[in-house]
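If you want the building blocks of each chain, they are given just below.
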Amino acid sequence: MDSQLKQKIDYVASVYQEITHLECHYQSLEISGSEIAQPDLCCRVCQLFRSTKQGSSSCQTQISSAVMAAIADDCWKVVVCRTGLLDWIVPVFYGGNPIGYFISGSICNSDESKKELEAQVNLFSTFYSVSPEDFEAACELVQVVQKDQVRFFARLLFDLCRIHIPPGKERPSDLKWDPSKTVFFEEEELLEEFPRDHPLSQRVYSNSFTSRAMEIFWKSIEVKANSIFANIMSKRILEAHILYDEVMSMAYCEPNLVLMRTSAETLYHIITLTRYNKDNYDIRFYRLTYETMQKLFEADSADGIKQAMDDAFDSMSYYCVVDPQAISQSPVAISVVEFLEKNYQHNIKVEDIAKSIHMSPAYVSRIFKKETNFTIKWWLNSIRMKHAQELLLETNIPIKDIGPAVGYSDMRGFYKMFAKHFGVTCSEMRKNALME
């Protein structure tokens, strides 16, 4: 980059920042395959999100799509990022060619949207291994800019570029971008095309909606699905259930059982798959999906289908926020849990548990699963993980001795289970605790 061009870019950024009091970053256009280089953002929420492999990949794809769209249209774009914040991107042309882009924003467009962001603390902690303290501190730094000002700021940055950085006469015509990768803020109005009480099948098979409107509609379902899990993880079950019912209402108003069943299955998969991550996906959701589909296809009435989906929500919520101590008042379940708590350090077999409460192993396993929705093995592992975490954080016992102390004879199995359960290794958890 020549010194004169750099001076112009710095000037645009400084003027913009002086007027808006918002950070603004320039990134040169470096394309690798279908991905575009990301800027170094100052937004702490975005930094935390991008510090994980899953978050970084998701952010990379979205920014690349938004930048390519801005360049192809030669216009600013406001995008809703994966964290729920708003960013605006302005393409920079020089000598007739695209050379880079400005990005600004990382804001919430209302006090309500900021509260929704703050409510995702448990979601970030569980799925992205971000400490609640770090996330809450990052949220405090996020500014609120009203919706009508967002477009004004984006337009301001675009106009400053055109005034101070002459774009030249040529325009590229061969840039391709995938509109399915992101949803732009200004396109949310397209959702108004959809009657809110129409069944899913009409939305899918109707020819009256544009393809872009349909893409945004599906994205809106994904956004609601994310909000469902964000509320569940924050233990705001009522709010989550309201959103869940809002999504499922498109299945409940179908004209016949076949379409109702198909729509319910489709929407359920969209909701659960928003939380899919091949590295740490909770295997219990496989069982939940199987059981839900079984109930769904056994249902022979509209009420039966609705009940099956209500049961699925209850199980989904229970799996996400279950407290190992919050079990039913069944004497069998209580007796089993008490035995596990007293003997978790030892090699426990179902036969030992059954013998202690004078029942057959098969009967104990079946009753416990029926009354808690979990297997005895899963519950035992949860108890062991709880005590392993206590030893890790509250004592100086060597990590290699923690596995045997909570009942694991196979250290490799212990390390694998710990990482799967908490999303971090033993050493990482202890190190993070010491740093705090």
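Now for a description of the structure that goes with this document. Not measured: the values here are computed from a predicted model. (Residues numbered from 1 in each chain as written. Predicted model: local features only at pLDDT ≥ 70, side-chain atom pairs only at ≥ 80, totals over all residues. Heavy atoms only, no water.)

1. Overview of the overall build of the chain
Helix and strand counts for the chain come out as 20 helices and six strands. A buried classification covers 46% of the 436 residues belonging to the chain. Of the roughly 22,400 Å² of accessible surface on the chain, 52% is carried by carbon and sulfur atoms. (Helix = DSSP H or I, 4+ residues; strand = E, 2+ residues; numbered from the N terminus. Buried < 20%, exposed > 50% of the residue type's maximum accessible area, 1.4 Å probe, protein only. Areas by Shrake-Rupley, 256 points an atom, 1.4 Å probe, with all protein chains shown as cover.)

2. Structural notes on the packing of helix H1 (residues 3–20) against helix H7 (residues 147–164)
Each pair of packed helices can be summarised by the angle the axes make with each other and by the distance between the axes. It is the contact of H1 with H7, at a shortest axis distance of 10 Å, that shows an interaxial angle of 150°. Judged by the inter-axis angle, H1 sits roughly antiparallel to H7. Where H1 crosses over H7, the handedness of that crossing is right-handed. Of the residues in H7, those touching H1 at Lys8, Tyr11, Val12, Val15, Tyr16, Ile19 and Thr20 are Phe153, Leu156, Leu157, Leu160, Cys161 and His164. Residue classes in the contact of H1 with H7 are distributed as ten nonpolar, two polar and one charged. (Axes fitted to C-alpha atoms, helices over the stretch in contact; angles between N-to-C directions. Parallel < 35°, antiparallel > 145°, perpendicular 65-115°, else oblique. Left-handed = near helix turned anticlockwise from the far one by under 90°. Contact = heavy atoms within 4.5 Å. Nonpolar A, V, L, I, M, F, W, Y, C, P; charged D, E, K, R; others polar.)

3. What about helix H17 (residues 376–394)?
Relative to the 27 Å expected for 19 residues at 1.5 Å per residue, H17 spans 27 Å between its end C-alpha atoms, a close match to the ideal helical length. Residues Ile376, Trp379, Leu380, Asn381, Ser382, Ile383, Arg384, Met385, His387, Ala388 and Leu392 constitute the buried set of H17. (Expected span 1.5 Å × (residues − 1).)

4. Observations regarding unusual backbone geometry
Backbone geometry places histidine 21, a non-glycine residue, at a positive phi of 60°. By the element assignment, histidine 21 lies in the loop between H1 and strand S1 (24–28). A positive phi angle, close to 55°, is found at serine 106, a residue other than glycine. For serine 106, the position within the fold is in strand S6 (residues 97–107). Serine 106 sits in the buried class, given a relative accessible area of 13%.

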